[in-house]
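# Report on the structure
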Amino acid sequence: MSKQTNLFNFKEPIISNPFESYEFPSTRYQGSKLKLVDWIQAETKDLTFDTVLDAFGGTGSVSYLYKKMGKEVTYNDLLKFNYQFGKALIENKEVKLTDDDIRFVLNKNEGIEYKSIIEDNFEDTYFTNEENKWLDMVIANMNALDDKYKFAIAFFALCQSCIIKRPYNLFHRKNLYMRTSEVKRSFGNKKTWDTPFEDWFLKFVKEANDSIFDNERKNISLNLDAMEIKDTSRYDLVYIDTPYISSKGATVDYHGFYHFLEGLLMYDDWENHIDYNSKHHRLNPKKNVWNDKKAITGEFEKLIKKYQDNILVISYRNDGIPSMEELTEILQQYKSKVSVKTYGNYRYALSKNTKSEELLFIGE
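Per chain, residue numbering runs from 1 following the sequence as it is written. Whole-chain, interface and lining totals are the exception, using all residues; otherwise, since this is a predicted model, local features are given only for residues with pLDDT of at least 70 and side-chain atom pairs are given and counted only at 80 or more. Calculation of side-chain values draws on the structure's entire complement of heavy atoms; hydrogens and water are dropped beforehand.

## Here's the deal with the overall build of the protein
- Strands here are runs of E lasting at least two residues and helices are runs of H or I lasting at least four, both read from the DSSP assignment and numbered beginning at the N terminus. Of regular secondary structure, the protein possesses 14 helices and seven strands.
- The C-alpha atoms of the protein give 22 Å as radius of gyration, which agrees with the globular expectation for 364 residues (21 Å, within 12%).
- For the protein, the spread of C-alpha atoms along the three principal axes comes to 75 × 60 × 45 Å.
- Burial classes: relative accessible area under 20% of the type maximum marks a residue as buried, over 50% as exposed, and values in between as partly exposed (1.4 Å probe, protein chains only). Burial status across the protein gives 53% buried among its 364 residues.
- For this count, His and the chain ends are skipped, Lys and Arg are scored as positive, and Asp and Glu as negative. Each charge is placed at NZ for Lys, CZ for Arg, CG for Asp and CD for Glu. Between the averaged position of the 51 positive side-chain charges in the protein and that of its 56 negative side-chain charges there is a distance of 5 Å. The globule rule used here is 2.2 Å times the number of residues to the 0.38 power, and the radius of gyration it is set against is calculated over C-alpha atoms.

Here it is in structure tokens:
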């Protein structure tokens, strides 16, 4: 039998990525790489890798990118509330919040003990008294959910609702007055701030539900210090996006900026961890080497040494400590090929730095 020919010269069918249509939920998280993931994908897609560790996962937008690419992803973050984001959006394959789940979360239920921890400790600080009462009710209901992924989805939606209703999207100071004062404002969106919690919660639940998919890989979420992760040989590629210190010494203290969200996860024991000497009742501060300009260069070297056998992809800025030249030198000690990709000028929300450039270091 003669070999069949393609008489019409049709091209071979293109097999599209079945996960490509899924979208990461919206977020206002400080330093999020959500708007840069297309660039990160373009710069790393030709590398040879199948398994990924996102060592400082944050919102999870980069983990989500690699999940969409069909990679096996391990999300990690030291903060417990971020770990829940990874649980909901990266590790979770199929569980979603149902209408019954949402009704349960948003209403008082028999058999649940409702406390007033937020109402008692954060009066006139971040939210109104009525909003504090609502938060006390909702977190109690969420803690009664019988599925860890349902809790994680609800917690993600609650955190995003809290963030969007905050001036600067942070919990770094007692400034509810910025929402409630009848004054002319040069920034912010009072309509956004005053939209009821329930409306925002429903919006973010829908976004999270719509983003959940199974990429047919075993993805997991971890809550560890990046230096404590074991069995690093299982990862082909390690993506690193540490907290950032500018050349002028300005730091991003995620524990301080988002302590309220971390507190929600220790709700019943929260009052034992509050720094009552602070006006905004933050959690007792924790020392973080990534916020120490004298120690951060040494910590980078330790981190790169730990993951020297993996492909390294490091998000960075051109005006940080250590300098881009110092970071390149450290990488060259452990990697035979080092390249630096430049996105160009990129300004994060609320940042006054208009000259800093986003970089991507790749060590192979």
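Past the structure itself, the notes keep going.
## Structural notes on the pairing of strand β2 (residues 72–76)
- With respect to burial, β2 is a largely interior element, four of its five residues being buried.
- Once the chain exits strand β1 (residues 51–54) it traverses helix α2 (residues 61–68) before rejoining the sheet at β2, and the crossover so formed is right-handed. Convention used here: a crossover is right-handed provided that the path from the first strand, over the helix, to the second strand proceeds clockwise when the strands point away from the viewer.

## Things to note about the confidence of the model for the protein
- Every residue gets a pLDDT, meaning the predictor's confidence in that residue, from 0 to 100. Scored by pLDDT, the protein has a mean of 92; 91% of the residues are at 70 or more.
- Counting contacts from residues 1–14, a segment whose pLDDT is below 50, to residues more than four positions away or on other chains yields zero contacts.
- Note that pLDDT drops below 50 for residues 347–351; the model gives that stretch ten contacts with residues more than four away or on any other chain. Contact criterion: two residues are considered in contact whenever any of their non-hydrogen atoms come within 4.5 Å of each other.

## Remarks on unusual backbone geometry
- Cis rather than trans, the peptide bond between Ile-321 and Pro-322 has omega equal to 0°.
- With respect to the element layout, Pro-322 can be found in the loop between β5 (311–317) and α14 (324–334).
- Positive phi is not limited to glycine here, since Asn-169 has a value of about 60°.
- With respect to the element layout, Asn-169 can be found in the loop between α7 (148–164) and α8 (177–180).
- Note on Asn-169: relative accessible area 16%, which makes it buried.
- In this structure, Asp-231 is a non-glycine residue whose phi angle is positive, near 55°.
- By the element assignment, Asp-231 lies in the loop between β3 (220–222) and β4 (237–240).
- Taking relative accessible area as the criterion, Asp-231 reaches 49% and is therefore assigned partly exposed.

## A few points about the packing of aromatic side chains
- Under the pairing criterion, centres of Phe, Tyr and Trp rings, with the six-membered ring standing for Trp, must be within 6.5 Å; the plane angle then separates stacked pairs below 30 degrees from edge-to-face pairs above 60, leaving the rest tilted. For the structure on display, the rule yields 32 aromatic pairs.
- For the pair Phe-19 and Phe-213, a centre-to-centre distance of 5.5 Å together with 25° between the ring planes defines the contact as stacked. With a gap of 194 residues between them, Phe-19 in the segment before α1 (37–44) and Phe-213 in the loop between α10 (197–211) and β3 connect regions that are remote in the sequence.
- Ring geometry for Phe-127 against Phe-197: centres 5.1 Å apart, planes inclined by 65°, an arrangement best described as edge-to-face. Remark: Phe-197 occurs in helix α10 and Phe-127 occurs in the loop between α5 (117–121) and α6 (129–142); sequence separation between them is 70 residues.
- Here, over-ring charges are defined by two tests on the NZ atom of lysine or the CZ atom of arginine: distance to the ring centre within 6 Å, and angle to the ring normal within 35 degrees. Lys-71 extends its terminal NZ or CZ atom over the ring of Phe-49, reaching a point 4.3 Å from the ring centre.
- Against the face of Tyr-114 rests Lys-108, its NZ or CZ located 5.3 Å from the ring centre.

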